[in-house]
Amino acid sequence: MLASSLLFIPGSTASAADALSSTALSGPSGVVALSASLGVVLFSILSVVVVLRARRRAERDNAALRLRLADLRSAADRAEALVDVDDQRLVAWSGAGEAPLVMGRLPEICGAPVDRSNFLAFGTWLPPASASRLDAAIERLRGRGETFTLALDTRSGTVVEVTGRTSAGRAVARFRDLTGDRLTLAELESRHRRLSLEVGAMRALFEAADMPAWIRNRDGRLEWVNAAFARAVEAPDPEDAAERGAELLDTAGRQAIIRAHAAGPFFSGRLPIVVAGARRAFDVVDVVSEAGSAGIAVDVTELETLQSTMRRLVEFHARTLDQLATAVAIFGADRRLRSYNAAFRSLFGLDDAFLAAMPDESAVLDAMRAGRRLPEQADFKSWRKELLAAYQSVDTREHWWHLPDGQTLRVLSNPHPQGGMTWIYENVTERLDLESRYNALIQVQGETLDHLSEGVVVFGSDGRLRLNNPAFAEIWQLGADFLADRPHVGEIVRACRRFHDQPADWANLTADVIGVGDRRAARSGRMERRDGHMLDYATIPLPNGQTMVTFVDVSDSVRVARALTEKNEALEAADGLKNAFIQHVSYELRSPLTNIIGFTQLLSDDGVGPLNDKQREYTGYILSSSGALLAIVNDILDLATVDAGIIALELGDVDVAATISAATEGVRDRLVESRIRLETSIAPDIGSFVGDEKRVRQILYNLLSNAVGFSPTDSRVVLTAKRNGAAVEFTVADEGPGISPEFIRQVFDRFESRTSGAARGGAGLGLAIVKSFVELHGGTVAIDSEEGRGTTVTVRLPTRPATMAEAAE
């Protein structure tokens, strides 16, 4: 500025000189102009000087301010370092619209978020109650400057202390995790606050309750009563009643409470109390504590009246139920019997003493089951569980019980709204019987007709069709639409004449339907149609002028009758042939065999004459072959006599041991020849039984022969006899090749025999005879065999046969 001024001065001086010169030339006005110019110059110089001095002063102030700012920044850094610690967190609010300042951190155990925005959302890490208290306190701090100190529970289960203060126009809240004594104190304060709130809530509840309540000190004097107590003792207010010591209970009631407290801290009982001049019943509860006692009284006068009324009503209902024929039982919510009528006791035959003990329903069901008054169940526990599930239902359930004695009960389970169940047992046996008869009658008149093979048609008194079944339409091939129009009998006759055109038959049938004679009689006849079918018809007069006509197709019956006649003739011829066969076998076969055997035995006798070894061998062959043939013939004859039904058992005492000995004697030669051991096991107590000894011996002989015939050399056959209950059991086991599964079911069939290994099959009659004779005795025969393991045959004969069954084919 100084330089500028200096540069400006020469020009100004020149201008001033010019001005002076011009002024001097112009007179006084020039002097004035010169003076103004000099003033401007001087002002400019002074301004430059002032500006220079102000600039130097501003530079000095800026330097000082920079030093001050550095000092303040250093102090702020130190303060922030002190505040930003791990055990507390500060939040400062400056003014509306400004974001709060958040410094410091809380331990992770508090569950407080580290993020600033999440931390200020107090509801995310504080319970709703704590968050609401904190928000309200901060709002008062920021709005009215009210300080606060709160101990708040966190969602993680810890306690945080929050202190609110104002500082330098700011609202500051400090959050600090509490530990040690401070935590204990905070917890005590929190508990005290909760207890105070609970006590306040309870006192408010008792104040509003319509039940007299009181608190006494250790001396037994009243310290506090509620409004209901004051009204009961006719006091103007609770304070007056407590101050005067107005007692609600009389002396006897207070003495009863004192005696009860001597035995225990709790008293509960029903006491009479005079309220407003009226005697009422109250249920009183009084509890002793260290500070005194507290009590409450509940007016139960109406309840007692209702209970008395209910008892009378229950007694009336019980007397009413006893007059009912339907059995009724009422169970309480605990499933114990509460009430029943005489019909229930009589229906199930339960003892009065048992019912008077009020048993539970499971015990009642067990008693019913023991008396066979419940339906038979394969799984009684599951059935009972399903039945008692009615207690969890809100709707009435229906059950049907079919008792073992033939009775049928309709059982209804009706649940009580307050718990419990009413069971109604309705004996519907007679009703079901009547319904069954009625339904049977309806079915006979309706549905039965539809399932008859006979054609049935009913005509009204006007000759029109009233009823018909499908068989009638099928026999005469009439359409459903034609019959649905209820045609007249004349129309039906015209439609049927295409199969049978005999005027006399139709005239008689029409006359029976529309006849108006006083006496109407039934008529029957037979029609032979053009298609070869034979129909038997009948007209039956019905009440109200109606007539029923039936048509039966007997074509098959006629053919079957003819076929049966022919078959009967064939059977008679076959029976005659069988009898002739038996006769021929008996006389034409057995007689020669007997002669052959007799003469062969005679030839084998050395008394007739000596035989060489070859001849003796041949005679032995003749004897063995003739004996085998004679056995086959005897077996055939035995089976034939069984089939003919002419065989009869000669019952008597059968000595089991002797019979077994006789049977084994018959196969002894074969045992020696085949080198087979026979082992017998006879029970000591086997004794004897009733049967045909000859047939039993024959049964055992055939079983042994069969076992020996299929046993390999050097094996054994085991015969066992023992008693098994009311039967004698014979078992024959061999060590032969066994029987294949596909053949074992055919072993008792006649003429079924198979070769197994070196053993040659016989005629296949032995086991068939065994089965026939065992069944004649009323016994059973079973076979157990496995290939390669041998065969075991078991025969069971009753010790005293009641009846003789006919042998099975």
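Cut-offs used in this document
Residues numbered from 1 in each chain as written. Predicted model: local features only at pLDDT ≥ 70, side-chain atom pairs only at ≥ 80, totals over all residues. Heavy atoms only, no water. Helix = DSSP H or I, 4+ residues; strand = E, 2+ residues; numbered from the N terminus. Buried < 20%, exposed > 50% of the residue type's maximum accessible area, 1.4 Å probe, protein only. Contact = heavy atoms within 4.5 Å. Areas by Shrake-Rupley, 256 points an atom, 1.4 Å probe, with all protein chains shown as cover. Pairing = 2+ DSSP bridges. Axes fitted to C-alpha atoms, helices over the stretch in contact; angles between N-to-C directions. Salt bridge = Lys/Arg side-chain N within 4 Å of Asp/Glu carboxyl O. Patch = residues over 30% accessible without salt bridge, like charges linked within 9 Å, V, L, I, M, F, W, Y side chains within 5 Å. Lys, Arg positive; Asp, Glu negative; His and termini not counted. Charge placed at Lys NZ, Arg CZ, Asp CG, Glu CD. Phe/Tyr/Trp six-rings, centres within 6.5 Å; stacked < 30°, edge-to-face > 60°. Lys NZ or Arg CZ within 6 Å of the ring centre and 35° of its normal.

A short note on the overall build of the protein chain
Right, so step 1: Within the protein chain one finds 26 helices and 27 strands.
Right, so step 2: Each of the 809 residues in the protein chain was classed as buried or not, and the buried ones make up 34%.
Right, so step 3: Looking at the protein chain alone, contacts between residues at least 24 apart form 47% of all its contacts between residues at least 6 apart.
Right, so step 4: Surface accessibility of the protein chain: about 48300 Å² in total, with carbon and sulfur atoms responsible for 54%.

Looking at the sheet that holds strand β11 (residues 327-331)
Right, so step 1: Pairing in this open sheet of 5 strands is antiparallel, and the strands run β12-β11-β15-β14-β13 from one edge to the other. In this open sheet, the two strands that pair with only one neighbour each are β12 (337-340) and β13 (397-402). Shown here is a sheet whose adjacent strand axes are inclined to one another by a mean of 20°, direction ignored.
Right, so step 2: Pairing analysis gives 6 bridges linking β13 to strand β14 (residues 408-415), with the strands arranged antiparallel. By the bridge assignment, Glu 398 is partnered in β14 with Leu 412.

Concerning the pattern of salt bridges
Right, so step 1: Overall, the coordinates contain 34 salt bridges when judged by the stated rule.
Right, so step 2: Between Arg 216 and Glu 247 there is a salt bridge, with its nearest N and O atoms 2.7 Å apart. Pair noted here: Arg 216 is in strand β6 (residues 213-216) and Glu 247 is in the loop between α7 (238-244) and α8 (251-263), with a separation of 31 residues, a long-range link.
Right, so step 3: Exposure remark for Glu 247: the relative accessible area of 30% places this residue in the partly exposed category.

Observations concerning a positive patch on the surface
Right, so step 1: Side chains of Arg 53, Arg 56, Arg 57 and Arg 60 sit close together on the surface and give a patch of like positive charge.
Right, so step 2: Counting through the fold element by element, Arg 53 comes out in helix α2 (residues 28-83).
Right, so step 3: Residue class for Arg 53 comes out exposed when judged on its relative accessible area of 54%.

A few points about unusual backbone geometry
Right, so step 1: The phi dihedral of Arg 372 is positive, around 55°, even though this residue is not glycine.
Right, so step 2: Counting through the fold element by element, Arg 372 comes out in the loop between α12 (361-370) and α13 (380-388).
Right, so step 3: Not every positive phi belongs to a glycine, and Arg 675 is a case in point at roughly 55°.

A short note on the sheet that holds strand β19 (residues 534-541)
Right, so step 1: On the basis of which strands lie adjacent, the open sheet formed by 5 strands has the order β17-β16-β20-β19-β18 and antiparallel pairing. Two strands close off the open sheet at either side, each with one partner strand: β17 (465-468) and β18 (523-528). Each adjacent strand pair in this sheet contributes to an overall mean axis angle of 20°, direction not counted.
Right, so step 2: Relative to β19, β18 runs antiparallel, the two sharing 6 bridges. Each bridged residue has a counterpart across the sheet, and for Ser 524 the counterpart in β19 is Ala 538.

Thoughts on the packing of aromatic side chains
Right, so step 1: Summed over the entire model, instances satisfying the criterion amount to 19 aromatic pairs.
Right, so step 2: Seen from their ring centres, Trp 476 and Phe 551 are 5.5 Å apart, and the 80° between their planes marks the pair as edge-to-face. Here the residue Trp 476 occupies a position in helix α16 (residues 470-476), and Phe 551 occupies one in strand β20 (residues 547-553), the gap between them amounting to 75 residues. The burial state of Trp 476 is the same as that of Phe 551; both residues are buried.
Right, so step 3: Three or more aromatic residues joined by ring pairs make a cluster, and in this case those are Tyr 340, Phe 344, Phe 348, Phe 380, Trp 383, Trp 401 and Tyr 425.
Right, so step 4: One residue, Arg 369, lies across the ring of Phe 380, its end atom 4.2 Å from the ring centre.

Remarks on a nonpolar patch on the surface
Right, so step 1: A cluster of nonpolar side chains, contributed by Met 310, Leu 313, Val 314 and Phe 316, occupies part of the molecular surface with about 360 Å² of accessible area.
Right, so step 2: With respect to the secondary-structure elements, Phe 316 resides in helix α9 (residues 301-322).
Right, so step 3: Given a relative accessible area of 45%, Phe 316 falls into the partly exposed group.

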